[in-house]
Amino acid sequence: EQDAYGRAMLDWHLGNGGFEIVERDDGFIGLSSGPQIYLAEFRYWPEFEKRAIRLARGRVLDVGSGGGRVGLYLAGRGHEVVGIDNSPGAVELSHARGFAGAVLLPFEQASRRRLGVFDTVVMFGNNFGLMGGVRRARARLRRLRGMTSVRGRILAASMDPYATDAPHHTACHERNRRRGRMGGQIRIRIRYQMRKTPYFDYLFVSKEEMDGILDGTGWRVARHIDGETAGQYVAVIEKA
């Protein structure tokens, strides 16, 4: 009943027209690009993701692996890939599509003991947002440092939340700040048909905010790869 995200992808894959509704805790409701993007073949990826994925090397951890699009692509290029997701439907679908490396595991439970050591961590689809908030982000970044090799690298996609003047978004930024949160630290849930996930924190950050979060964690941004949409980017993060 809670896995709206996974069920929507499964229905899309089966040709039953799955979709994804994002509901914010301030009442805003939007229709996301959803399964069409999550299951896209490489040729349909955004250009900035195509450029960024070329920087993946060695053993790869795909955080928020969804329907396995990143895992399938990189495994096809010879990488060993482990994908983690907290959606049973997403993991089921990944296996059905041929990505055997998908594991049912929330990001906060990922560890070196459970998963081993990686050379690259991929967080596409704005999945730097899974960091949740500043304190959690710093703790998770330190954990990822211990889970990665000396040449460890993170390819983290995010969206500058301030690259908009839409009143319903700018009001949300102000509301968050009044509550002691970052402007782009939103609280959302996913809905599909009768299913809905619990609310969870999802973090959008500007490039400057990301630099501040990384400070003191042993990571730094080496460069940015900008997307076609205003504010969209992948940060190439390397060990400081």
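A few points on the structure.

## Looking at the packing of helix H1 (residues 4-13) against helix H5 (residues 88-96)
And step 1. Their axes nearest at 6 Å, the elements H1 and H5 cross at an angle of 35 degrees. Contacts from Tyr5, Gly6, Met9, Leu10 and His13 of H1 reach H5 at Gly89, Ala90, Glu92 and Leu93.
And step 2. Considering only residue class, the contact of H1 with H5 consists of five nonpolar, three polar and one charged.

## Remarks on the environment of Lys207
And step 1. Note that Lys207 resides in helix H9 (residues 207-214).
And step 2. You can call Lys207 partly exposed: its relative accessible area is 26%.
And step 3. Along the chain, Lys207 and Val121 lie 86 residues apart, while their C-alpha atoms are 19 Å from each other.
And step 4. When sequence neighbours within four positions are dropped, the list of residues in contact with Lys207 reads His224, Asp226 and Tyr233.
And step 5. A distance of 2.7 Å separates a polar atom in the side chain of Lys207 from a polar atom in the side chain of Asp226.

## Some thoughts on the packing of helix H7 (residues 134-146) against H9
And step 1. Relative orientation of the contacting elements H7 and H9 amounts to 60 degrees, with a least axis distance of 9 Å. The angle between the axes of H7 and H9 places the two elements in the oblique class. At the point where H7 passes H9, the crossing takes the right-handed sense. Together, Ala137, Arg138 and Leu141 of H7 and Gly212, Ile213 and Leu214 of H9 make up the contact between the two elements.
And step 2. Of the residues assigned to the contact of H7 with H9, the class counts are four nonpolar, one polar and one charged.

## Side note on the pattern of salt bridges
And step 1. All told, the structure shown has 18 salt bridges when counted by the stated rule.
And step 2. Residues Asp11 and Arg7 are paired through a salt bridge, measuring 2.8 Å at the closest nitrogen-oxygen approach. Linking Asp11 with Arg7, this pair stays in helix H1, spanning four residues, or about one helical turn.
And step 3. A residue is classified by how much of its surface remains accessible, and Asp11, at 9% relative accessible area, is buried.
And step 4. In this structure, Arg175 and Asp25 form a salt bridge, with 3.1 Å as the shortest nitrogen-oxygen distance.

## Structural notes on the pairing of strand E3 (residues 60-63)
And step 1. Going residue by residue along E3, you find Val60 and Asp62 tucked away on one face and Leu61 and Val63 tucked away on the opposite face as well.
And step 2. As paired elements, E3 and strand E4 (residues 81-85) share four bridges and run parallel to each other. Residue Val60 lies in a different strand from E4, and its bridge partner there is Val81.
And step 3. As a crossover connection, the stretch from E3 through helix H4 (residues 69-76) into E4 is right-handed.
And step 4. The pairing of E3 with strand E6 (residues 118-123) spans three bridges and is parallel. Paired with Val60 across the two strands is Thr120, which belongs to E6.

## Considerations on the pairing of strand E8 (residues 185-192)
And step 1. Of all eight residues that make up E8, six are buried, and the element is covered over most of its length.
And step 2. Bridge count between E8 and strand E10 (residues 200-203): four bridges; the pairing is antiparallel. Looking at the pairing, Ile186 lines up with Tyr202 of E10.
And step 3. Of the strand pairs in this sheet, E8 and strand E9 (residues 195-196) are connected by two bridges, and their pairing is antiparallel. Paired with Arg191 across the bridge in E9 is Lys196.
And step 4. Here E8 folds back onto E9, and the loop between the two strands holds two residues, one of which, Gln193, carries a positive phi near 50 degrees.

Each value, and the rule that gives it
Residues numbered from 1 in each chain as written. Predicted model: local features only at pLDDT ≥ 70, side-chain atom pairs only at ≥ 80, totals over all residues. Heavy atoms only, no water. Axes fitted to C-alpha atoms, helices over the stretch in contact; angles between N-to-C directions. Helix = DSSP H or I, 4+ residues; strand = E, 2+ residues; numbered from the N terminus. Contact = heavy atoms within 4.5 Å. Nonpolar A, V, L, I, M, F, W, Y, C, P; charged D, E, K, R; others polar. Buried < 20%, exposed > 50% of the residue type's maximum accessible area, 1.4 Å probe, protein only. Polar contact = N/O pair within 3.5 Å; in protein donor to acceptor, adjacent residues only side chain to side chain. Parallel < 35°, antiparallel > 145°, perpendicular 65-115°, else oblique. Left-handed = near helix turned anticlockwise from the far one by under 90°. Salt bridge = Lys/Arg side-chain N within 4 Å of Asp/Glu carboxyl O. Pairing = 2+ DSSP bridges. Right-handed = clockwise from strand over helix to strand, strands pointing away.

Nothing here speaks to function; it is geometry throughout.
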